[in-house]
Amino acid sequence: MTEPSRTVEVERKYDVDDVTPLPVWDGVPGVESVSTGEARALDAQYFDTAGGTLARSGVALRRRTGGPDEGWHVKGPREGDGRLELGWPLGEGAGLPDAVAATIARWTTDPLTPLARIENDRTAYLLTGPDGVVAEFVDDRVRATDLRADVQREWREWEMELGPAAPADPAGRQAFFDAVERAVHAAGGRDSASGSKLARALGV
């Protein structure tokens, strides 16, 4: 079976208006420079059983094109401050790869159907310190379709995800995100009202 990539996501999400200017990161500990924004066109389709078995288990399954990590992704239940994401290449065709099906079998083997489509015009920025990438900040303009209810929604949001050179200790991470929150609020951003893009796409 193909071995997936493994990433533990530790991130914070923020709601923001269409015209809100980007934050200034001068006061964020460990950050010495910010890269020029990289544009990414992302298009993801999410799947679940008719009864929503994966969602009830805190799991999300998607197939996404565009960006450096395009492919199939399984996001597991949240554990502490993070969430394990497994990734596989797109493969041939749009069918569910055997390796992905084997992974989600711990939660369900029932038939899967499309749940939502999320298109995202993303601009990504790397926040770098002396030891490398501390975090990635993304400015997302999202167009989402609830495929089962045939409802469309649009919004803009920001995400800040820790990178390999982020603080490893809880106190350091808390200080980092506290400084990020101050910068976000100063720019006009707000704490996110929804836990994920998928939940927002479905009106949750």
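As the structure is a computational prediction, the values presented were derived from the model and not from experiment. (Residues numbered from 1 in each chain as written. Predicted model: local features only at pLDDT ≥ 70, side-chain atom pairs only at ≥ 80, totals over all residues. Heavy atoms only, no water.)

Participant: How would you summarise the environment of Gly-195 if you had to cite specific residues and measurements?
Facilitator: For Gly-195, the location among the structural elements is in the loop between β11 (190–191) and α4 (197–201). Separated by 182 residues in the primary sequence, Gly-195 and Lys-13 place their C-alpha atoms 8.0 Å from one another. (Helix = DSSP H or I, 4+ residues; strand = E, 2+ residues; numbered from the N terminus.)

Participant: Before we move on, can you summarise the packing of aromatic side chains with the specific residues and values?
Facilitator: In this description, a pair of aromatic rings is defined by centroid distance and the angle of the planes. Inspection of every chain in the model, using the stated rule, returns five aromatic pairs. For the ring pair Trp-25 and Phe-137, a centre distance of 5.0 Å and an interplane angle of 65 degrees mean the geometry is edge-to-face. Remark: Phe-137 occurs in strand β9 (residues 132–146) and Trp-25 occurs in the loop between β2 (11–16) and β3 (33–34); sequence separation between them is 112 residues. Of the two residues examined, Trp-25 and Phe-137, each falls in the buried class. What links up through ring pairs into an aromatic cluster is the set Trp-25, Tyr-125, Phe-137 and Trp-158. Cation over ring: Arg-12 sits above Phe-177, and NZ or CZ is 4.1 Å from the ring centre. (Phe/Tyr/Trp six-rings, centres within 6.5 Å; stacked < 30°, edge-to-face > 60°. Buried < 20%, exposed > 50% of the residue type's maximum accessible area, 1.4 Å probe, protein only. Lys NZ or Arg CZ within 6 Å of the ring centre and 35° of its normal.)

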